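Take a look at the letters that make up each chain.
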Amino acid sequence: MIEGKAHVASLDAEHELAIEDPSGLKSPVEEPSARRRLTLNMGPQHPSTHGVLRVVLELDGETIIKARPEIGYLHTGIEKECEAKRYQQVVPLTDRVDYLSNLNNNLCYSLAVERLLGLEIPLMAQWMRVMLCELQRVSSHLVWLGTHAMDVGAMTVYFYTFREREEILKIFEMFSGQRMMTSYIRPGGLALEPPRGWHKVVSRAVEGLVRGVEEYHELLTANPIWVNRTKGIGMLPVDVLLDLAVTGPVLRAAGVKTDARKDRPHSSYDQFDFEVPTRTANDVYARYEVRMEEMRQSVRIIRQALEGMPNGAWQADAPHILLPDREKMKTQMEALIYHFKIVTEGYRVPAGSVYQVVESPRGELGYYVVSDGTANPHRVFMRTPSFGNLQALGAMIEGVLVADAIPIMASLDFVLGDTDR
Amino acid sequence: MLPEVAANDPTAVLIDQLFPGAITAGKMDLGELSLTIEANQIVEVCRTLKEDAAFERLSAVTAVDWWPREPRFEVVYLLHSIRHNARLRLNVRVRDGEAVESVCPVWRGANWYERETFDLFGIPFRNHPNLERIMMPADWEGHPLRKDYPKHGHRYSYRDE
């Protein structure tokens, strides 16, 4: 081993001098030398970066000395685009921010606009939103789990999680006509009436989810390779995590119990019985445990929604904000006028500003919407969880082996669309 | 002088006692308190809020461009206290080209948010450890989220192709 290293060092003229050191105390092999450091580009096209993230690594052998995440490769100027759109036209843009939790983004934006408008949402629409957002949380966690397991070499889990995810995407397609970019939650309620037979389809999917989560649990929780690859890495002190604006499962795995669904209940989340799982181990494995438990809790919420879904309207009674029914448009003059007004000039939102927070699968998702009283938002700022969480990446992977950096990155569960907007 | 809406808020009262005159305005928007802070006192106010009022987290830093009004920019700090389950917004009004003191010494997490605000609005932050562009390429001209920056018609626009 030492001979091999000496051979590498002997290529260096300076080290050759050191080898000739008669005392033999100044070993060129053990001496850390800045010249032996290697700068490595991880990404932007690297499968384990889950998107276009570039991390500039400074390596000493296999150890990461310094890591500098570079973002912005997916910056599409969504916030600028929002300012040129009318309030109702922004909804499809929010889908494209975090493409794994579209409905949570729809919900957050809709809640912000509804608060500015002072709009009450019927209970049924609220419960439907909760149910769909929890389905979205599970589907997002399924993508995370599948890719995370694949990153550390467990290929099988990926196929299982994508099997269950497909069922959830079919539900979204049934509700909205779209598998991913649903735009189903809009200011004022839902985009369309819930389809006939949704109850049966969701119930069946939930049964599959329960079985699925137990299957992943059996595959991974006690799997020695999985445990060895994930335990005891990626730890940062809690105060550093708080300092670095880290949120969501990463923070909860460090023992901080904070969840926007409990802290500031919106959409009647306070009527549901669920728990916020926390762990104290603070490592990659604890994050896995937290997210697995979150999936079980989401299933619990979905079941409660299935049992107690109230009857009623799926949209608020606000004809000046919501597009009228197609049939009414053909028979009623008022409906036609409202339709014309909404399509040509939109609706005005009272001046003011609001910061609405929801719990996205990745953490604190906040929309800061500023209205100047016109039909276009003056400013839409998206406080996305991936941006905050990714800031901690550098601190987390400095000093660890390159091989450990991969599960650490996967455990942060960032989406680059969410980071760069 | 503490504005009326903030008179009953213990956090605002605390800041007003320690830094008289730092709060220049206050607004209660849909149940959310936002305080306008004197630009040169923002770091001290933030440090006090973090250490004495348990605002452990800085959720984000961003800005709003009120062009052509003056002062043009409003830098917004979104604070969160997990212990008290409270949220607070701080605003700082700055003119074009005026720098704001960085709050990175208080919360390390302000780093990327201030870089983003600098990149997209062109508001410089003093004493920032690494004030570079973060979203746009390093050689980009202009700051896209300014209101006088066109959505189309920039020289890199692909509209005519």
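So, a few notes on the structure that sits alongside this text. Please read these numbers as outputs of a predicted model, since none were measured by experiment. (Residues numbered from 1 in each chain as written. Chains lettered and ligands numbered in written order. Predicted model: local features only at pLDDT ≥ 70, side-chain atom pairs only at ≥ 80, totals over all residues. Heavy atoms only, no water.)

Some remarks on the sheet that holds strand 6 (residues 352–360) of chain A
Each strand in a sheet pairs with its neighbour through backbone hydrogen bonds, running either in the same direction (parallel) or in the opposite one (antiparallel). Residue and element names in this part refer to chain A. To be explicit about the condition: Strand pairing is assigned whenever DSSP identifies at least 2 bridges connecting the two strands. Counting from the N terminus, the helices are DSSP H or I runs at least four residues long and the strands are E runs at least two residues long. Structural elements are reduced to axes, namely lines fitted to C-alpha atoms, with helices fitted over the stretch in contact, and the angle between N-to-C directions of any two is expressed from 0 to 180 degrees. By definition in these notes, contact holds between two residues if any of their heavy atoms fall within 4.5 Å.
The strand order across the open sheet built from three strands is 6-7-8, with neighbouring strands paired in antiparallel fashion. A single partner strand is all that each edge strand has here, and the edge strands are strand 6 and strand 8 (379–383). When strand polarity is set aside, the average angle formed by the axes of neighbouring strands in this sheet is 15°. For strand 7 (residues 363–371) and strand 8, the ladder comprises five bridges, and the chain directions are antiparallel. When the sheet's bridge partners are listed, V369 is paired in strand 8 with V380. The strands touched by helix 5 (residues 102–117) within the sheet are strand 6 and strand 7, with strand 6 carrying the most contacts at an inclination of about 150°.

Observations concerning helix 2 (residues 42–52) of chain B
Residues and elements named next belong to chain B. The line we're drawing: Residue burial is assigned from relative accessible area. The probe radius is 1.4 Å, only protein chains are included, and a residue is buried under 20% of its type maximum, exposed over 50%, and partly exposed in between.
If you check which residues of helix 2 are buried, you get I42, V43, V45, C46, T48 and L49. Contact partners of the buried residues in helix 2: helix 1 (10–18), strand 2 (32–37), strand 4 (73–81), strand 5 (86–94) and strand 6 (100–101). A positive phi of about 60° marks A54, the residue just after helix 2.

Considering the sheet that holds strand 2 (residues 54–60) of chain A
Residue and element names in this part refer to chain A. If you walk across this open sheet you meet the three strands as 1-2-3, and the pairing is antiparallel. Single-partner strands in this sheet number two, and they are strand 1 (38–42) and strand 3 (63–70). The sheet shows a mean angle of 20° between the axes of neighbouring strands, direction not considered. Pairing geometry for strand 2 and strand 3, over seven bridges, is antiparallel. Across the sheet, residue V56 finds its bridge partner in strand 3, namely R68.

Concerning the environment of L57(A)
Note that L57(A) resides in strand 2. Spatially, the C-alpha atom of L57(A) lies 55 Å from that of D317(A), the residues being 260 residues apart in sequence.

What to know about the nonpolar core
Using the following cut-off: To qualify as a nonpolar core, a set must consist of buried Ala, Val, Leu, Ile, Met, Phe, Trp, Tyr and Cys residues joined through side-chain atoms within 4.5 Å.
Counting residues in hydrophobic clusters, the biggest one holds 95 residues, and the most contacted among them are I397(A), L35(B), I42(B), Y77(B) and L90(B). The residues touching L35(B), leaving out its near neighbours within four places in the chain, are A6(B), A12(B), I15(B), I23(B), A25(B), G26(B), L88(B), R89(B), L90(B) and N91(B). In this structure, V91(A), Y216(A), I321(A) and V354(A) belong to the second largest nonpolar core, which totals 79 residues.

A closer look at the interface of chain A and chain B
Under the convention used in this document: Buried area: the sum, over both parts, of the accessible surface (1.4 Å probe) that disappears when the two are put together. Salt bridge criterion: a side-chain nitrogen from Lys or Arg within 4 Å of a carboxyl oxygen from Asp or Glu.
The interface is formed by 46 residues belonging to chain A together with 44 residues belonging to chain B. Summing the contributions of chain A and of chain B, the shared interface buries around 3800 Å²; its carbon and sulfur component is 56%. Together, K80(A), D243(A) and F387(A) form the three largest contributors to the area buried by chain A at its contact with chain B, with a combined 18%. Joining chain A to chain B, the criterion identifies six salt bridges. Residue E83(A) pairs with K147(B) through a salt bridge whose shortest N-O separation is 3.2 Å.

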